[in-house]
Amino acid sequence: MARIIEVDNFDAEELEPYRCRSEVQLLRRYEPAPGIFIAESPKIIRRGLDAGYAPISFLMDRKVADGQAADILERCGDVPVYVSDGEVLGQLVGYKMTSGALCAMRRRALCNAEEVCAGTSRIAVLEDIVNPINVGAIFRSAAALGFDAVLLTPACCDPLYRRALRVSMGTVFQVPWTFLDDPGEAYGKKEKPWREGPKDRKRLGYKNYVERLKAMGFATAAMALKEDSVGIDHPKLMGEERLAVILGTEGDGLKPSTIESCDYTVKIPMSHGVDSLN
């Protein structure tokens with residue numbers, strides 16, 4: 001049975017995750033464990049629970065707790081549920097809670113890229129994409145287009161950031177993903193995520209992440225506008241047994257060295273004078 005607790009003290013320690021204005025603060029809570037994240041809206045919370053993420057607590061508008069989120073609370077036993085009116089909760093979190101429901105959840109240790117990509121045929125690779133809205137939109141598109149997994153370079157926005165989760169409509173929980181990082185170490189340690197350096201490249205046996213993808217058996221396709229770019233529906237590209245489609249950061253796109261390392265340079269034909277979907 002749900003343990004309903006009325007919010008009467010904004011300074012209560014148990015409400016700290018909801019007062020956090022920095023996603024990094026949430027990521028670093030409970031070190032050396034993987035940290036926590038905030039799922040927003042009943043639909044996204046359900047998908048997180050379905051994917052096996054453990055809830056720590058809920059913060060809900062009283063009407064939502066009694067209504068559209070009642071089934072969520074029923075399945076979560078005695079996990080604490082902090083409730084109040086929507087206006088009061090907005091003052092606590094610092095923004096209007098349009099969905100009326102937040103859930104603090106524990107992160108899980110990430111698998112390495114080889115484990116995530118085992119048995120896959122089509123994956124998306126994100127290079128240094130920093131906007132959470134863009135990361136969320138890519139996950140939603142990857143789910144819609146049937147991609148098997150998503151890999152991210154260490155500089156990318158974390159897919160479990162609240163806005164990325166919200167824009168993805170919870171597909172971050174459904175499409176397997178991990179960082180192209182030292183295996184299994186993207187979370188759980190205080191140092192910054194691993195970035196390519198001479199010692200690390202030598203230890204892991206490849207020069208860059210594109211070489212790592214090729215070692216896993218993927219043909220690599222760089223999304224970029226160049227004279228030799230082929231369409232996304234090119235027969236040779238479509239015939240590849242395993243394909244990694246690599247998308248670049250906002251504005252600048254992919255690094256020249258990444259494009260040079262890939263097997264294909266690919267574009268999506270556009271209409272109305274638009275040069276690129278990226």
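What counts and what doesn't
Residues numbered from 1 in each chain as written. Predicted model: local features only at pLDDT ≥ 70, side-chain atom pairs only at ≥ 80, totals over all residues. Heavy atoms only, no water. Helix = DSSP H or I, 4+ residues; strand = E, 2+ residues; numbered from the N terminus. Buried < 20%, exposed > 50% of the residue type's maximum accessible area, 1.4 Å probe, protein only. Patch = residues over 30% accessible without salt bridge, like charges linked within 9 Å, V, L, I, M, F, W, Y side chains within 5 Å. Areas by Shrake-Rupley, 256 points an atom, 1.4 Å probe, with all protein chains shown as cover. Salt bridge = Lys/Arg side-chain N within 4 Å of Asp/Glu carboxyl O. Arc of directions from axis to C-beta. Contact = heavy atoms within 4.5 Å. Pairing = 2+ DSSP bridges. Axes fitted to C-alpha atoms, helices over the stretch in contact; angles between N-to-C directions. Phe/Tyr/Trp six-rings, centres within 6.5 Å; stacked < 30°, edge-to-face > 60°. Lys NZ or Arg CZ within 6 Å of the ring centre and 35° of its normal. Core = buried A, V, L, I, M, F, W, Y, C linked by side-chain atoms within 4.5 Å.

A. Structural context of unusual backbone geometry. The backbone phi angle of Ser-41 is positive, close to 95°, even though this residue is not glycine. For Ser-41, the position within the fold is in the loop between strand S2 (36-40) and helix H3 (42-50). Residue classification places Ser-41 among the buried residues on the basis of a relative accessible area of 15%. The phi dihedral of Met-169 is positive, around 60°, even though this residue is not glycine. Note on placement: Met-169 falls in the loop between helix H9 (162-168) and strand S8 (177-179). Assessed through its relative accessible area of 26%, Met-169 is described here as partly exposed.

B. Highlighting a nonpolar patch on the surface. Taken together, the side chains of Ile-232, Ile-268, Met-270 and Val-274 present a nonpolar region at the surface, about 280 Å² in accessible area. Residue position: Val-274 is located in the segment after strand S12 (264-267). A relative accessible area of 41% places Val-274 in the partly exposed class.

C. Just helix H6 (residues 86-93), in detail. Three or more residues of H6 are buried, namely Leu-89, Gly-90, Leu-92 and Val-93. All buried residues of H6 lie within an arc of 160° about the axis, which places them on one face of the element. Structural note: H6 exposes Glu-87 and Gln-91 on the side pointing more than 90 degrees away from its buried face. Against the buried residues of H6 lie helix H1 (16-19), strand S3 (55-61), strand S4 (80-84) and strand S5 (101-106). Count one or two residues on from H6 and you reach Gly-94, which has phi positive near 95°.

D. Quick peek at the sheet that holds strand S6 (residues 122-126). If you walk across this open sheet you meet the seven strands as S8-S7-S6-S11-S9-S12-S10, and the pairing is parallel. For this open sheet the edge positions go to S8 and strand S10 (230-231), each flanked by a neighbour on one side alone. In the sheet, strand S9 (residues 219-223) pairs with strand S11 (residues 243-247) via four bridges, with the strands oriented parallel. Pairing of Ala-219 across the sheet is with Leu-243, part of S11. Contacts from helix H8 (residues 132-144) reach S6, strand S7 (149-152) and S8 within the one sheet, and its direction differs from that of S7 by about 155°.

E. Molecular detail of the packing of aromatic side chains. Applying the stated criterion across every chain, the model contains five aromatic pairs. Ring centres of Phe-37 and Tyr-53 lie 5.4 Å apart, and the angle between their planes is 90°; this geometry places the pair in the edge-to-face category. Of this pair, Phe-37 sits in strand S2 while Tyr-53 sits in the loop between H3 and S3, placing them 16 residues apart in sequence. Centre to centre, the rings of Phe-139 and Trp-177 are 6.4 Å apart; their planes meet at 85°, and the pair counts as edge-to-face. Note that Phe-139 is positioned in helix H8 and Trp-177 in strand S8, a separation of 38 residues in sequence. Of the residues examined, Phe-139 reaches a relative accessible area of 0% and is grouped as buried. Three or more aromatic residues link up through ring pairs in this structure, and these residues are Phe-37, Tyr-53 and Phe-173. Taking NZ or CZ as reference, Arg-242 lies 4.1 Å from the ring centre of Phe-218, over its face.

F. Structural view of the nonpolar core. Grouped together as the largest cluster of nonpolar side chains are 40 residues, with contacts concentrated most on Ile-45, Phe-58, Val-150, Leu-152 and Trp-177. The biggest single contributor to this core is H8, with four residues. Contacts of Ile-45, omitting those with residues within four sequence positions, involve Ala-39, Phe-58, Ile-72, Ala-101, Leu-102, Cys-103 and Met-105. Counting 20 residues, the second largest nonpolar core, distinct from the first, contains Leu-151, Ala-222, Leu-254 and Ile-259.

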